[in-house]
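# Survey of secondary and tertiary structure
Here is what each chain is made of, one letter per residue.
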Protein chains: 2
Amino acid sequence: MHVLCLDLEGVLVPEIWIEFAKVTGIEELKRTTRDEPDYAKLMNYRINILKKENLKLKDIQKVISGMNPLPGAKEFIQEAKSLLQVIILSDTFTEFAHPLMEQLGFPTIFCNSLKIDSDNFISGFSLRQEDGKTKAVKALKSINLKVMASGDSYNDLGMIKVADSGALFRTTDKIKADFPDIPAYTEYSQLIEHIKRFKTEF
Amino acid sequence: MHVLCLDLEGVLVPEIWIEFAKVTGIEELKRTTRDEPDYAKLMNYRINILKKENLKLKDIQKVISGMNPLPGAKEFIQEAKSLLQVIILSDTFTEFAHPLMEQLGFPTIFCNSLKIDSDNFISGFSLRQEDGKTKAVKALKSINLKVMASGDSYNDLGMIKVADSGALFRTTDKIKADFPDIPAYTEYSQLIEHIKRFKTEF
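The model shown is predicted, which means the values in this text are computed figures rather than measured ones. (Residues numbered from 1 in each chain as written. Chains lettered and ligands numbered in written order. Predicted model: local features only at pLDDT ≥ 70, side-chain atom pairs only at ≥ 80, totals over all residues. Heavy atoms only, no water.)

## Brief notes about unusual backbone geometry
All names here are of chain A. If you check the backbone angles, N144 has positive phi at about 65° while not being a glycine. Looking at the secondary structure, you find N144 in the loop between α6 (132–142) and β5 (146–151). When its relative accessible area of 42% is taken as the criterion, N144 is described as partly exposed. (Helix = DSSP H or I, 4+ residues; strand = E, 2+ residues; numbered from the N terminus. Buried < 20%, exposed > 50% of the residue type's maximum accessible area, 1.4 Å probe, protein only.)

Put into structure tokens, the structure is as follows:
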């Protein structure tokens, strides 16, 4: 049996925080791990801004509901699901992903989750585990599934390396140059072709 | 994050071999593990009958395409997928499940696979692993997912026991009597209620 493990943001949907910052016009939310490499610090900074702006989870979800998957993503997921099993592995939060997952027909996703207080404000977050994408691929391989992995960024390299087959998708020139042995695609049709080869080779 | 591991035959779709025997009128294919407890022997017996009847994989898939999921199964899967992650764990073969999975919107499934020869006849089968359902639940728990499991039969008891929460669904009176501590349901609405409790308790 063949499984495709796929990154979410940048591959199927836009970067959620950046899109959210754009839509709401809250400039401070454009800060990313490139500006603040300490992820816990960055998340607490974001949570404080949301509280200051009086934005509850339901307000945030409403904004995210107005976002769309990337053009062609829904059709790609439908075709991929007819060819093999698809599991999305993401570092985002299930509560943020939910409105976008709905638009994609609720494919299976493993990600992190938020802590929500009784007033519906985000009060914290919990990571499922460190390096969760790589560990998920290893766990799937351990039960004799053949795994292909694809994503766009540094946090996808671990799962791509441990998978039976891997590909970068819409990544940066720097990552492409640093990892010339990993195929790098920009179109969903190229991923579909890779899936078809993967199914015959493994 | 919460995952529901769900049996397929008897829970979401009819027993495929029995339904296939009924539709084609091939009485010999009604033989099950109750008549022949050696599974490999039973499968080879079935494969020989299919060859004798000149039934290729594509003919079998055509018959299965005419079958339907159980009434309410599609709506149940849609609702369940909006509440948590759903992975179907089945001892059937991916090639048989495919036409029924399509009708259910291609939820994620881990199952076994067939060997198909160059003339499109079934030439053998490969089990993903022994006791694959239980091992899949253990693997999902090992990456910090909370798992609920449900199924109808003896081969589901292992995964139900290792899951964080479990329930029998449309099982036999004998299994209910032998395992009085496991909740036993007959309606999808009861499974949905169990899922909602599971999400707040774990």
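## Side note on the interface of chain A and chain B
Accessible area lost upon the coming together of the parts serves often as the stated size of an interface. Every contact between the two is made by 26 residues of chain A and, on the other side, 26 residues of chain B. For the pair chain A and chain B, the summed buried area comes to about 2200 Å², and 59% of that belongs to carbon and sulfur atoms. Looking only at chain A, the three residues that lose the most surface to chain B are M1, R128 and I143 of chain A, adding up to 27% of its buried area. At the junction of chain A and chain B, the tally comes to 0 salt bridges. The tally of links from chain A across to chain B stands at 13 residue pairs in polar contact (both at pLDDT 80 or more). Where the side of chain A that touches chain B is concerned, the elements lending two or more residues are α4 (73–83), β2 (85–93), α5 (94–103), β3 (108–116) and α6 of chain A. Split by residue class, the side of chain A that touches chain B holds 14 nonpolar, 9 polar and 3 charged. (Contact = heavy atoms within 4.5 Å. Buried area = accessible area lost by both parts, 1.4 Å probe. Salt bridge = Lys/Arg side-chain N within 4 Å of Asp/Glu carboxyl O. Polar contact = N/O pair within 3.5 Å; in protein donor to acceptor, adjacent residues only side chain to side chain. Nonpolar A, V, L, I, M, F, W, Y, C, P; charged D, E, K, R; others polar.)

## Considerations on the UniProt feature "binding site: Mg(2+)" (unreviewed entry) in chain A
All names here are of chain A. With numbering aligned to this structure, UniProt lists the feature "binding site: Mg(2+)" (unreviewed entry) at D7, E9 and D152. Over a stretch of 146 residues, the named residues converge on one spot in the fold, their C-alpha atoms separated by at most 8.4 Å. Its place among the elements puts E9 in the loop between β1 (2–6) and α1 (16–24). E9 gets classed as buried once you look at its relative accessible area, which sits at 14%. Other than its neighbours up to four places away in sequence, E9 contacts P14, E15, I16, W17, S90, T92 and D152. Mapped onto the fold, D152 is located in the loop between β5 and α7 (157–162). Beyond its immediate chain neighbours, meaning those up to four positions away, D152 contacts D7, E9, G10, V11, E15, F169, R170, T171, T172 and I175. (UniProt positions renumbered as here; feature names shortened; annotations may be inferred.)

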